[in-house]
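# Analysis of the macromolecular model
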Amino acid sequence: MSDLKITPKSIYLKRRSFIKNSFLGISSLSLSKFAQFSSFASQNDKPTSYEAITSYNNFYEFGTSKSDPKKNAFRLTTHPWSVEVGGLCRSPKTLDMDDIFKLNKIEERVYRFRCVEGWSMVIPWTGFSLRDFLLHFEPDDNARYVKFETLYRPEEMIGQKSNILDWPYVEGLRMDEAMHPLSFLSTGIYGESLLNQNGAPLRLVTPWKYGFKSIKSIVKISFERDMPLTSWVKSNPKEYGFYSNVNPDVDHPRWSQKTERRIGEWLRRKTLMYNGYGEEVNDLYKNMDLKKWF
Ligand SMILES: Nc1nc2c(c(=O)[nH]1)N[C@H]1C(S)=C(S)[C@@H](COP(=O)(O)O)O[C@H]1N2
Ligand SMILES: [Mo]
């Protein structure tokens, strides 16, 4: 797809969400200095093509190679779809996607996206703030973490017939990370509904963390007291941590994290601390040893 074709829609969406945000902002709790802006990528970050975003994927439920998700994800039925939200909160509920769309105003966020494997993209997501969504369920004061789970349906998710990971895929955030204004639940890309290979109908996006934290096709969210045991930590705790913040100074045991290949570019780029979102997220980790808590 040519950039000429996609840009106008993207700009249009951006402008719309900007207007919405500044309008909303005055009374909204979530209005921070960041939420007024719909774009969190710089001039230097040209959005990756829709074609690449939807054909070069990691989604092990459909196979382990980059082309498997696009090839195999058509089997997944996403209508109807419900998301159960519970655990330590006052208003647990199971919602279908229509309820979810009614709860939240859709906005666009252009974010850099960095996979732990050393490639990156720039993705114009549509969706809504995770914080705004979670507040509807009135989390208790003793909720310290949020746990997310992907659908388990091996008849449709054929990769789940292999035991490469312990299904269902589980991810988690500390409560303050989940409540951070950058944390986002996505329902679309370039203004189109998410395709199955990208995690339809609902997936997480935490742009300062490695891509595997951005769990796809979510069916369950729960507020927890203890740190959830996430899929990658469970499968290989020496190589993957709970926090997994993008950090060029902490190498993966099998490769350096200093640089990355931006899909669509020739030369490798320097990887930025917190994927370039340090100004926004530094405070979350100010008392932590980032080498120890990787
Ligand atoms: N359920 C689930 N979520 C997942 C994965 C997965 O295998 N299963 N892969 C993760 C990894 S490693 C990355 S890099 C991103 C890729 O997202 P994308 O294919 O939309 O770019 O999804 C993440 N979310
Ligand atoms: Mo990844």
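Just so it is clear, the structure is predicted and the values come from calculations on it, not from any experiment.

## Some details on the site of ligand 1
Taken together, 17 residues lie around ligand 1, and N57, Y60, E61, T150 and K216 are the ones closest in. Contacts to ligand 1 include K216, whose side-chain N or O atom sits 2.7 Å from an oxygen atom. Considered on its own, ligand 1 offers 530 Å² of accessible surface; in the complex 98% of this is hidden by protein. For the shell around ligand 1, the residue count by class is eight nonpolar, six polar and three charged.

## A few points about the pattern of salt bridges
Applying the stated criterion to the full structure yields 19 salt bridges. R153 is the salt-bridge partner of E156, the closest N and O atoms lying 3.1 Å from each other. Of the residues examined, E156 reaches a relative accessible area of 15% and is grouped as buried. Taking the shortest distance from any N to any O, the salt bridge between E239 and R254 comes out at 2.6 Å. You can see E239 sitting in the loop between helix 7 (231-235) and strand 11 (259-262) and its partner R254 sitting in the loop between helix 7 and strand 11, a full 15 residues away along the chain.

## Brief notes about unusual backbone geometry
With an omega of -5 degrees, the peptide bond between H79 and P80 qualifies as cis. By secondary structure assignment, the location of P80 is in the loop between helix 3 (68-72) and strand 1 (82-87). The phi angle at Y190 is positive, at roughly 50 degrees, despite the residue not being glycine. Among the structural elements, Y190 can be located in the loop between strand 7 (184-189) and strand 8 (192-193). Positive phi is not limited to glycine here, since S217 has a value of about 45 degrees. Among the structural elements, S217 can be located in the loop between strand 9 (203-205) and strand 10 (218-224).

## Here we look at the nonpolar core
Membership of the largest hydrophobic core comes to 71 residues, with the highest contact counts inside it found for W125, F133, L134, F148, I221 and F223. Ranked by residue count, the leading element in this core is strand 4 (residues 119-129), at five residues. Excluding residues within four positions of it along the chain, I221 makes contact with V83, E84, V85, G86, F133, L134, V146, K147 and F148.

## Topic: the sheet that holds strand 6 (residues 170-174)
The strand order across the open sheet formed by five strands is 2-1-10-5-6, and the pairing between neighbours is mixed. The sheet is open, and its two borders are formed by strand 2 (93-96) and strand 6, each paired with just one other strand. Across the sheet, the mean angle separating the axes of adjacent strands is 15 degrees when strand polarity is ignored. Here strand 1 pairs with strand 2 via four bridges, running antiparallel. Each bridged residue has a counterpart across the sheet, and for V85 the counterpart in strand 2 is K93.

## Some remarks on the pairing of strand 7
Taken across its six residues, strand 7 has six buried, putting it largely inside the fold. Sheet topology note: the strand 4/strand 7 ladder contains five bridges and is antiparallel. Within strand 7, the position partnered with F128 by the bridge is L185. Two strands pair when backbone bridges link them, and strand 7 and strand 9 are joined in this way by three bridges, in the antiparallel orientation. Residue pairing across strands places F184 opposite V205, the latter belonging to strand 9. The sheet contact formed by strand 7 and strand 8 spans two bridges and is antiparallel. Paired with G188 across the bridge in strand 8 is S193.

Thresholds, definitions, all that
- Residues numbered from 1 in each chain as written.
- Chains lettered and ligands numbered in written order.
- Predicted model: local features only at pLDDT ≥ 70, side-chain atom pairs only at ≥ 80, totals over all residues.
- Heavy atoms only, no water.
- Near = heavy atom within 4 Å.
- Polar contact = N/O pair within 3.5 Å; in protein donor to acceptor, adjacent residues only side chain to side chain.
- Areas by Shrake-Rupley, 256 points an atom, 1.4 Å probe, with all protein chains shown as cover.
- Nonpolar A, V, L, I, M, F, W, Y, C, P; charged D, E, K, R; others polar.
- Salt bridge = Lys/Arg side-chain N within 4 Å of Asp/Glu carboxyl O.
- Buried < 20%, exposed > 50% of the residue type's maximum accessible area, 1.4 Å probe, protein only.
- Helix = DSSP H or I, 4+ residues; strand = E, 2+ residues; numbered from the N terminus.
- Core = buried A, V, L, I, M, F, W, Y, C linked by side-chain atoms within 4.5 Å.
- Contact = heavy atoms within 4.5 Å.
- Pairing = 2+ DSSP bridges.
- Axes fitted to C-alpha atoms, helices over the stretch in contact; angles between N-to-C directions.

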